[in-house]
Amino acid sequence: MKILSFEGIEGVGKSTQINLLKKYLEKKHFNVEVLREPGSTPAGERIRDILLNSDNNLSNESELLLMFAARSELINNKINNLSCDYLLLDRFYDASIAYQGYGRNLSLSFINELISFTKCPVPHKSILLDIPVNIGFSRKTNDTKDRIESSGDKFFNKVRNGYLKIAKSNPDRFIIINADDDIDNIHTEILINLDLK
């Protein structure tokens, strides 16, 4: 099973590109699963509701630990039991490094310990869809912002820069794609970078 994770700030088009890649792979007769973080398990979806509910005033530490609680459920109850050809993840542990590490200024070494503790499998490839923060949020003007989306431009610029640092530190795994482009062009670039076209 090849694990492909899709990363990026809000509004980069992860869901769109995951769906396009899923359809492409299924046309090639591959068995494909899609999972999202946080979520995709009963407990994970309840944790997602807590994390994203703007009525909850969570500490940064609680946010991080809840993310990993949901992730542990995902790994143990879903990922470890899959036998598909491709698993497409809408965010994975790199999101915690970017959001809670770089964005919330929490300990990167502790986050890496949690990654190890929860036995996170390393994706074969991670696609970072990169876009300036103002453009990402301009695509979501009709959406109601959740608790994390309400964290402000300064926070999301730190997250974006964090993602770029993570990608540049892991050049063999990460593919950086300019998400400020036509949807089909982005899809084609992803296929080329994954050697699928």
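Described in the following lines is the structure provided in the data block. Just so you know, these numbers come straight off a predicted model, no measurement behind them. (Residues numbered from 1 in each chain as written. Predicted model: local features only at pLDDT ≥ 70, side-chain atom pairs only at ≥ 80, totals over all residues. Heavy atoms only, no water.)

Time to look at the nonpolar core. If you look at the biggest cluster of nonpolar residues, it comprises 59 residues, and the most contacted ones within it are L21, I79, Y99 and L129. It is helix α7 (residues 153-169) that contributes the most residues to this core, seven residues altogether. In this structure Y99 touches G8, I9, E10, R91, R104, I148, F155, F156, V159 and Y163, once residues within four positions along its chain are discounted. (Core = buried A, V, L, I, M, F, W, Y, C linked by side-chain atoms within 4.5 Å. Buried < 20%, exposed > 50% of the residue type's maximum accessible area, 1.4 Å probe, protein only. Helix = DSSP H or I, 4+ residues; strand = E, 2+ residues; numbered from the N terminus. Contact = heavy atoms within 4.5 Å.)

Here the focus is the packing of aromatic side chains. One pass over the full model with this rule turns up seven aromatic pairs. Considering the side-chain rings of F30 and Y86, the 5.2 Å spacing of their centres and the 85° angle between planes classify their relative orientation as edge-to-face. Pair noted here: F30 is in the loop between α1 (14-27) and β2 (32-36) and Y86 is in strand β3 (residues 86-90), with a separation of 56 residues, a long-range link. By relative accessible area, which is 8% here, Y86 ends up buried. Arranged with centres 6.2 Å apart and planes meeting at 80°, the rings of Y99 and Y163 form a pair that is edge-to-face. You can see Y99 sitting in helix α4 (residues 93-103) and its partner Y163 sitting in helix α7, a full 64 residues away along the chain. For Y99, a relative accessible area of 6% corresponds to the buried category. (Phe/Tyr/Trp six-rings, centres within 6.5 Å; stacked < 30°, edge-to-face > 60°.)

With that out of the way, let us pick up the pairing of strand β1 (residues 2-7). With five of its six residues buried, β1 lies for the most part within the structure. Pairing geometry for β1 and β3, over five bridges, is parallel. Directly across from F6, in β3, lies its bridge partner D90. Alignment of β1 against strand β4 (residues 125-130), held across four bridges, turns out to be parallel. Paired with F6 across the strands is I127, a residue of β4. (Pairing = 2+ DSSP bridges.)

Turning to the environment of N31, a few remarks are in order. Looking at the secondary structure, you find N31 in the loop between α1 and β2. Overall, N31 belongs to the partly exposed group, its relative accessible area being 41%. Along the chain, N31 and S83 lie 52 residues apart, while their C-alpha atoms are 8.6 Å from each other. With sequence-adjacent residues up to four places away left out, N31 is seen in contact with C84, D85 and Y86.

With that out of the way, let us pick up helix α5 (residues 108-117). Burial in α5 covers these residues: I111, L114 and I115. Each buried residue of α5 sits inside an arc of 105° when the element is viewed along its axis, so together they form one side. Residues of α5 that are exposed and point more than 90 degrees away from the buried face comprise E113, S116 and F117. Packed against the buried residues of α5 are α3 (60-77) and α4. Of the residues trailing α5, K119 is marked for its positive phi of about 55°. (Arc of directions from axis to C-beta.)

Before going further, it helps to examine the side chain of E149. Tracing the chain through its elements places E149 in the loop between α6 (133-138) and α7. Excluding anything up to four places from it in sequence, E149 contacts E10, F137, K140, T144 and F156.

The residue D172 is located in the loop between α7 and β5 (174-178) in this model. Its relative accessible area of 68% is what places D172 among the exposed residues.

Now for the sheet that holds β1. Read across the open sheet, the five strands follow the order β2-β3-β1-β4-β5; overall the sheet is parallel. Edge positions in the open sheet fall to β2 and β5, since each of these has one partner strand only. Going from strand to strand, the sheet's axes swing by 20° on average, the running direction of each strand aside. α1 contacts β1, β2, β3 and β4 of the sheet and is inclined by roughly 170° relative to β3. (Axes fitted to C-alpha atoms, helices over the stretch in contact; angles between N-to-C directions.)

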